[in-house]
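# Observations on chain architecture
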Amino acid sequence: DMISRISPSSAEYTIGITYIDYLVSLPWNKKTEDILDLARAERILNENHYGLSAIKERVLEHLAVKVLMMSKKARILIVDDEEIARKNLVHVLTKEEYDVIAVADGEGALKELETSEFDVVLTDLRMAGIDGMDLLDRIRVRYPETRVVMVTGFATVPSAIEAMRKGAFHYIAKPFKLDEVREVIRRALESKAVRANTKGSVLCFAGPPGTGKTSLGRSIARALGRKFTRLALGGMKDEADIRGHRRTYVGAKPGRVIEEIRRVESSNPVIMLDELDKIGRDFKGDPASALLEVLDPEQNRAFTDHYLDAPFDLSSVMFILTANVLDTVPAPLRDRMEVITFSGYTQEEKEHIASRFLCPKQIREKGLSTDLVAFTDDAIAKIIQEYTREAGIRNLERKIAAICRKIAKASVESRGAMQPVRITSEAVEHYLGKRKYHFEVIEEQDRIGVATGLVRTETGGDIIFVEAANMKGSKDLIITGSLGDVMRESAQAALSYIRSNAGEFGIADDFFERHDIHIHVPSGAIQKDGPSAGITILVALASLLTRRPARRDIAMTGEITLTGRVLPVGGIREKILAARRAKVRTVIVPARNRDDVEELDGNVKNDIEIRLVDTAMDVVKAVLI
Ligand code: ADP
């Protein structure tokens, strides 16, 4: 109507029309029907993913809870002394697929409540004996989760309002309007479900790239029969990206969440919000609160996108967050998440995944057939070891894709006359060029003042070398290699420990007076902070100062205290996988990480020795030659 009064040539007209087009195009009530079949879900997860058994189990549990919540029949108790009213209500509500029980008075109601749970009690206000108000009081005290709805005649509306003040959920006036009864019950049940649903309601997949987070999300959507879409939070700089722009200028846009919902044409898709940890640091506004509006079941029922300017119900969207690391995620958000950790694959797992999933997939995607092209096991092992260095399998997949592309090209050039191709490990070198990584510590020599450490990175784990040198000077400690503050403090602590035990190490008393010490951690690409390099720095220093070489093939992780105790650290699994990639044979781990070590699956611990240590001296004895 307003539109008809605006001149069609004006900007407002265009904005108005675009806006209305947009509103009309949204899937307001369009939902896909959920497939709530756990056995089927499990089959789909297994079909598409090798391993990950603990993760699949957690996902299935999460789905099971959702399934139960969705399929559980709500139980409703009707209390009314008028038989006709009772019969009517039972009839209407049973048709809505609720479990309905009816009684004629307050005493009867209390008896029912004692023996079983009800989600909603629909009670007449005026009854002989225990009346509606009494019943309300008792239910509020004893069954606070149960919602009470009052039924009243017109004359008693003021007391109905009084009842609401006392905690009744709502009231319905007689004679009933059936739609109203249905609506009030539905809302009462929803308010209950929301309560039960708030904590840990959003799945968060945390772990390095290429470990299967996205593809597992896709499988969940398939298992539920829902649409799937992804939305990268990484680099978002403005609340408007999430909440939309106000429609005050030409070019205003809705937020990305609403955009995605429109694109998939369903109001209950699985939406994967990627890179939670990479939201722009210079974000305008508070990203956590903007996201909570989207994710929080208490708020997202009426999500208001500034562009839409009308509430859109996001409560049936299933959100899955992903992040590489969770350290930077604000607490209020973290509280709402159920975190599932993806930590990376072993060499053996990668080999299986490559031969069963990645190779066939890439061969098909490049228009070839698995009858014509085959990778040998040796070739796959070689690609993993010499052309990739990662916790996940993203680069592995890229390398396989690159080979398939080259074969596809050759196939086209041969005009279909190509013979079957077997990709051997020699062929890998032909297709991919010289090996990229020679990184095998055991090939290197043991040296004085160099120790092998293990760190956790965003992409999994990695090995680092800590180097120590001394020069003439006066007691200075020089630290380079862009280390964070915590790591610098570890270096201080390690040095102080050695100085205070100089005698035991056989270091001359006046040595420190006459020397500066320099600690350096090369390889600029790895972000280096955290306390876990403590014992590595200690070993580098001890090696330097005692002139005994440190074994290169022993890698270590552990925090150190001034008194030489070794404290536990995080990322044990990632670090051990990294050690194995570098062909390290022995890993030194704080004794207080024993539980983490025991939790590792057998194949992670294959052909690697794990030594648990309590003190700095244990470490030094194990590593110095
Ligand atoms: P992420 O989202 O963690 O970065 P992706 O889900 O994109 O990782 O995984 C990268 C590739 O590896 C995809 O092609 C995926 O299908 C495949 N993939 C990852 N994990 C597995 C697994 N356990 N089994 C089979 N394929 C996998």
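As the structure is a prediction and not an experimental result, all values here were calculated from the model. (Residues numbered from 1 in each chain as written. Predicted model: local features only at pLDDT ≥ 70, side-chain atom pairs only at ≥ 80, totals over all residues. Heavy atoms only, no water.)

A tally of regular secondary structure across the chain gives 26 helices and 23 strands. Projected onto its principal axes, the C-alpha coordinates of the chain cover approximately 100 × 75 × 55 Å. Residue pairs at least 24 apart in sequence account for 75% of intrachain contacts in the chain once pairs closer than 6 positions are excluded. If you sum the accessible surface of the chain, you get close to 30,000 Å²; carbon and sulfur atoms cover 49% of it. Counting 92 positive and 94 negative side-chain charges, the chain places the averaged centre of each group 4 Å from the other. (Helix = DSSP H or I, 4+ residues; strand = E, 2+ residues; numbered from the N terminus. Contact = heavy atoms within 4.5 Å. Areas by Shrake-Rupley, 256 points an atom, 1.4 Å probe, with all protein chains shown as cover. Lys, Arg positive; Asp, Glu negative; His and termini not counted. Charge placed at Lys NZ, Arg CZ, Asp CG, Glu CD.)

Right, let's get into the site of the ligand. Taken together, 20 residues are adjacent to the ligand, and G210, K213, T214, K361 and R394 come closest. The separation between an oxygen atom of the ligand and a polar side-chain atom of E397 is 2.8 Å. A total of 560 Å² of accessible area belongs to the ligand in isolation, and the protein chains cover 90% of it. Here the element with the most residues in the shell around the ligand is helix α15 (residues 347–365); it accounts for four residues. Its residues assigned to classes, the shell around the ligand comprises nine nonpolar, seven polar and four charged. (Near = heavy atom within 4 Å. Polar contact = N/O pair within 3.5 Å; in protein donor to acceptor, adjacent residues only side chain to side chain. Nonpolar A, V, L, I, M, F, W, Y, C, P; charged D, E, K, R; others polar.)

With that settled, consider the sheet that holds strand β23 (residues 609–613). One open sheet holds the seven strands; their spatial order is β17-β18-β16-β15-β19-β22-β23, and the pairing between them is mixed. In the strand order of this sheet, the two ends are held by β17 (477–480) and β23, each with one partner. Direction aside, neighbouring strands of the sheet carry axes that sit 30 degrees apart on average. For strand β16 (residues 460–472) and strand β18 (residues 515–520), the ladder comprises six bridges, and the chain directions are antiparallel. Paired with N470 across the bridge in β18 is I517. Packed on one face of the sheet, helix α22 (residues 534–546) meets β15 (450–457), β16, β18, β19 (554–556) and β22 (586–590) and runs near 35 degrees to β16. (Pairing = 2+ DSSP bridges. Axes fitted to C-alpha atoms, helices over the stretch in contact; angles between N-to-C directions.)

This brings us to the nonpolar core. The biggest cluster of nonpolar side chains holds 51 residues, and the ones touching the most others in it are F205, I220, F375 and I423. Ranked by residues supplied to this core, first place goes to helix α17 (residues 394–413) with seven residues. Those residues in contact with F205, other than ones at most four positions away along the chain, are V59, K213, L216, G217, I220, M272, I320, L321, T322, A323, I340 and F342. The next biggest cluster of nonpolar side chains, apart from the first, holds 46 residues, and it includes A502, L538, V620 and L624. (Core = buried A, V, L, I, M, F, W, Y, C linked by side-chain atoms within 4.5 Å. Buried < 20%, exposed > 50% of the residue type's maximum accessible area, 1.4 Å probe, protein only.)

This next bit is on unusual backbone geometry. With an omega of -5 degrees, the peptide bond between K174 and P175 qualifies as cis. Residue placement: P175 occurs in the loop between β5 (170–173) and α9 (178–197). Phi is positive for L52, which is not a glycine, with a value near 55 degrees. If you check the backbone angles, E275 has positive phi at about 60 degrees while not being a glycine. With respect to the secondary-structure elements, E275 resides in the loop between β8 (270–274) and α13 (287–295).

Given two aromatic rings, their pairing is described by the distance between the two centres and the angle made by the two planes. Evaluated as defined, the whole model comprises six aromatic pairs. Ring centres of Y19 and Y307 lie 5.9 Å apart, and the angle between their planes is 80 degrees; on these two criteria the pair is classed as edge-to-face. Highlighted residues: Y19 in helix α2 (residues 11–25) and Y307 in the loop between β9 (303–304) and β10 (311–312), separated in sequence by 288 residues. Comparing Y19 with Y307, the two get one shared label, buried. (Phe/Tyr/Trp six-rings, centres within 6.5 Å; stacked < 30°, edge-to-face > 60°.)

Let us look at the packing of helix α16 (residues 377–387) against α17. Between α16 and α17, the least distance of the axes is 10 Å, while the angle of their chain directions is 120 degrees. One finds that α16 runs oblique with respect to α17. Read as a crossing pair, α16 and α17 show a hand that is right-handed. Between α16 and α17, the contacting residues are I383, I384 and Y387 on the first element and L396, K399, I400 and I403 on the second. Classifying every residue of the contact of α16 with α17 gives six nonpolar, no polar and one charged. (Parallel < 35°, antiparallel > 145°, perpendicular 65-115°, else oblique. Left-handed = near helix turned anticlockwise from the far one by under 90°.)

Turning our eyes to something else, we now look at the sheet that holds strand β1 (residues 75–79). Taking strand neighbours across the sheet as the criterion, the five strands line up as β2-β1-β3-β4-β5 in an open arrangement whose pairing is parallel. Looking at strand neighbours, the two that pair on one side only are β2 (99–103) and β5, the edges of this open sheet. The sheet shows a mean angle of 20 degrees between the axes of neighbouring strands, taken without regard to direction. Where strand β4 (residues 147–152) and β5 come together, four bridges link them in parallel fashion.

Moving on to the side chain of H49. One can find H49 in the loop between α3 (38–48) and α4 (53–71). Of the polar contacts made by the side chain of H49, one reaches the side chain of S215; its length is 2.7 Å.

This part is about the environment of D510. Tracing the backbone through its elements, the reader meets D510 in the loop between α20 (502–505) and α21 (511–514). For D510, a relative accessible area of 37% corresponds to the partly exposed category. Put simply, D510 and D553 are 43 residues apart on the chain and 33 Å apart in space, counted from C-alpha to C-alpha. Polar contacts involving the side chain of D510 include one to the side chain of R514, which spans 3.4 Å.

As a further point, take the pattern of salt bridges. Across all of its chains, the model carries 34 salt bridges by this definition. A salt bridge links R58 to E338; the nearest nitrogen and oxygen atoms lie 3.3 Å apart. Of this pair, R58 sits in helix α4 while E338 is found in strand β12 (residues 337–341), placing the two residues 280 residues apart along the sequence. The closest approach of N and O atoms between R75 and D99, which form a salt bridge, is 3.9 Å. Of this pair, R75 sits in strand β1 while D99 sits in strand β2, and the two are 24 residues apart along the sequence. Several salt bridges share partner residues, and in doing so they unite K382, E386, E429, K434 and R435 into one network. (Salt bridge = Lys/Arg side-chain N within 4 Å of Asp/Glu carboxyl O.)

Further remarks concern empty space enclosed by the protein. Evaluation of the coordinates by the stated rule reveals one cavity of 30 Å³ or more. Taken as a whole, the largest cavity holds about 30 Å³ of empty space. In terms of lining residues, the largest cavity is bounded by I35, L36, D37, L38, A41, L63, V67, A223 and L224. Broken down by secondary-structure element, the contributors of at least two residues to the lining of the largest cavity are α3, α4 and α10 (213–224). (1 Å grid on protein atoms, 1.4 Å probe; cavity = no way out; pocket = protein on both sides within 12 Å on 5 of 7 lines; lining within 4 Å. Points joined across faces, edges and corners; volume = space filled by probe spheres on them.)

On to helix α6 (residues 106–115). Of the positions making up α6, those classed as buried are G106, G108, A109, L110 and L113. On its buried face, α6 is in contact with β1, β2, β3 (120–124) and α7 (132–142).

Below, the discussion takes up the pairing of strand β11 (residues 318–323). Regular strands place side chains that alternate from one sheet face to the opposite one. For β11, the tally of buried residues reaches six of six residues, placing the bulk of the element in the interior. Residues M318, I320 and T322 of β11 are buried on one face, and the alternating residues F319, L321 and A323, pointing to the opposite face, are buried as well. Summarising the sheet, strand β6 (residues 202–206) and β11 pair through four bridges and their orientation is parallel. Bridging from a neighbouring strand, A206 pairs with A323 of β11.

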